[in-house]
Each structure stands twice: as C-alpha cells, then as structure tokens.
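# Coordinate analysis (summary)
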Amino acid sequence: MVKKLIQHISALLLMVAVSVTAQAETFKEGVHYIKLGTPLAVSEPGKIEVAELFWYGCPHCFEFEPYIEPWIKTLPDDVRFERVPATFSKVWKTHANAFYAAEALGIGEKLHSDFFNRIHRQNQRLTSTGDLVEFFADYGVTEDQAEKALKSFGVKSKVNQAGARIRGYQALGVPALVVNGKYRIDTSTAGSWTNMLKITEFLIEKERKS
C-alpha cells in the first residue's frame, strides 16, 4: 500500500515537472520575447524590475489596464513594478509630463485610471496645460500647484529620462513590458494580454533563478 502510494506521488511529481518544463519551452527568446543586446540598469538593485511602457492616448494600453492592474497587486516583495510613459511625439511627451507632475504632487496612483477614462470614455484630449490644470483640480490641486509641477525642472528631467529608457529598450510601440532591463515583451510577439503577463512571470522566475 505504501509502495503504491509512493509510486503514485512520484508519478504526480513527474507530471508536474513535465508540465512546468513544457510551459517553459513555450516561451522562447526571439519568438515570444526579445532579449536586449545591452541591458539597462534597474532603478532598485536587488529587486527584479518590471517596467510597463505606455501612453495614455493608446487604446491598446487602455485595453491592457484591466489585466495589469490586478496583476500588479499579486507581485511578490522581490519584484518592483514601475510605469514608464513613452515619448514618441509632442502629445506623448505632454502626457508623460502630466504623469510625472501627478506623481510629484502625490496624486499619480489616484488619477492613473481616470486619466485613461477621460481620454477613452469621455473623449477628452488632455493635451494642453489648461486641460491638465482643470483635471488636476478634481484631485484637490490648485492652479498654481499644477502649473508649477508641470513646468518644474524635476518633472522635465524625468520625462527626458523616460525617453532615454524607451530608446534603450528599443521599443517601437506600446504597451510593452520590460523585465529587469533585459527582456522586452511586446503585444505582437505575446499574442494576448494574458500571455504578456504569463511571459513576464516566466522571465521574473528566470531572473530569480539567475
């Protein structure tokens, strides 16, 4: 009886091992994700970094939000999540500026989803200083505070740094995810929003083991 039980457990463990191996083999470099030729330094050494590249005006980024938001909350303590706004055009830079200004004002997390909704559900462009000042006012920010944050040297520097990171990641579009400055997952290679997160988890584990 004990012998049969041991054999049964061994068989189950083997099946699990085979399943894990099979899953790992489904995500291949150059097929499902890109390994960067020159890795970028991470913001917090000692933690595995996951960077989301996005633009508020991107409909695909808006579609991705309901998938990534709950996923972020499940990340373990050794993983650091960070959003990096893309800066491919003047409008994109304006939204990146708004992102970092909101962060500096302490309202970034509060208005992140609302920013998407204002553009994609309420058809607001939010591309002028006046638009952004009015938007920030809904979060208790005065006109003077908003304008100072939007024009601040610190915010402008972060926008420039984000642009440099986007170039370093060799990203051509959004949304995209970058794991530990080494691997980029694009929608075109992942195939689905769910797969993007699965591939990211696979690469997090890969980095954890290394």
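What counts, and where the lines are drawn
Residues numbered from 1 in each chain as written. Predicted model: local features only at pLDDT ≥ 70, side-chain atom pairs only at ≥ 80, totals over all residues. Heavy atoms only, no water. Helix = DSSP H or I, 4+ residues; strand = E, 2+ residues; numbered from the N terminus. Buried < 20%, exposed > 50% of the residue type's maximum accessible area, 1.4 Å probe, protein only. Areas by Shrake-Rupley, 256 points an atom, 1.4 Å probe, with all protein chains shown as cover. Core = buried A, V, L, I, M, F, W, Y, C linked by side-chain atoms within 4.5 Å. Contact = heavy atoms within 4.5 Å. Pairing = 2+ DSSP bridges. Axes fitted to C-alpha atoms, helices over the stretch in contact; angles between N-to-C directions. Right-handed = clockwise from strand over helix to strand, strands pointing away. Parallel < 35°, antiparallel > 145°, perpendicular 65-115°, else oblique. Left-handed = near helix turned anticlockwise from the far one by under 90°. Nonpolar A, V, L, I, M, F, W, Y, C, P; charged D, E, K, R; others polar. Expected span 1.5 Å × (residues − 1).

As a further point, take the overall build of the protein. The number of helices and strands found in the protein is 9 helices and 5 strands. In the protein, the order of α-helices and β-strands from amino to carboxyl end is α-β-β-α-β-α-α-α-α-α-β-β-α-α. In the protein, buried positions account for 42% of the 210 residues. Put simply, the protein shows about 11,700 Å² of open surface, and 55% of that area lies on carbon and sulfur atoms.

The next point concerns the nonpolar core. With 41 residues, the main nonpolar core has L53, Y56, L111, F115, F136 and V174 as its most contacted residues. Looking at this core, the elements that each hand over two or more residues are β2 (48-54), α2 (59-72), α3 (90-104), α4 (108-120), α5 (129-137), α6 (143-151), α7 (153-168) and β4 (176-179). Considering every element that reaches this core, the biggest residue donor is α3, with 7 residues. Beyond its immediate sequence surroundings of up to four residues, F136 is in contact with A98, A101, A102, L105, I107, L111, V141, A146 and L150. Formed by 22 residues, the second largest nonpolar core is a distinct cluster that contains F27, V79, F81 and L177.

With that out of the way, let us pick up the sheet that holds strand β3 (residues 79-85). Ordered in space as β1-β5-β4-β2-β3, the 5 strands form an open sheet in which the pairing is mixed. Taken across any chain shown, the strands that pair with only one partner, and hence form the sheet edges, are β1 (34-35) and β3. Sheet topology places β1 next to strand β5 (residues 183-186); 2 bridges connect them, and they run antiparallel. Across the sheet, I34 pairs through a bridge with R184, a residue of β5. Against the sheet, α2 contacts β2, β3 and β4, and its axis sits at roughly 160 degrees relative to β2.

With that settled, consider the pairing of β3. Among the 7 residues in β3, 6 count as buried, and that is most of the element. Of the pairings in the sheet, the one linking β2 to β3 comprises 7 bridges and is parallel in character. Its bridge partner lying in β3, L53 is registered against V84. Crossover connection from β2 via α2 to parallel β3: handedness right-handed.

A word on the packing of α2 against helix α9 (residues 193-209). Between α2 and α9, the least distance of the axes is 10 Å, while the angle of their chain directions is 50 degrees. Looking at the two axes, α2 sits oblique to α9. Handedness of the α2/α9 crossing: right-handed. Where α2 abuts α9, its residues H60, E63, F64, Y67, I68 and W71 lie against W193, T194, M196, L197, T200, E201 and I204. Across the contact of α2 with α9, the residue classes tally to 8 nonpolar, 3 polar and 2 charged.

Moving on, we get to α4. In this model α4 runs 18 Å from its N-terminal to its C-terminal C-alpha over 13 residues, within 8% of the 18 Å that 1.5 Å per residue would give. Three or more residues of α4 are buried, namely G108, L111, H112, D114, F115, F116, R118 and I119. Here the buried face of α4 lies against β2, α2, β3, α3 and α5.

On to unusual backbone geometry, then. Between V174 and P175 the backbone carries a cis peptide bond, its omega angle lying at 0 degrees. Note on placement: P175 falls in the loop between α7 and β4. Of note, the phi angle at L126 is positive, near 55 degrees, even though the residue is not glycine. Take L126: it is sitting in the loop between α4 and α5. Judged by relative accessible area, which is 3%, L126 ranks as buried. Despite not being glycine, Q170 has its phi angle at roughly 55 degrees, a positive value. Of note, Q170 is situated in the loop between α7 and β4.

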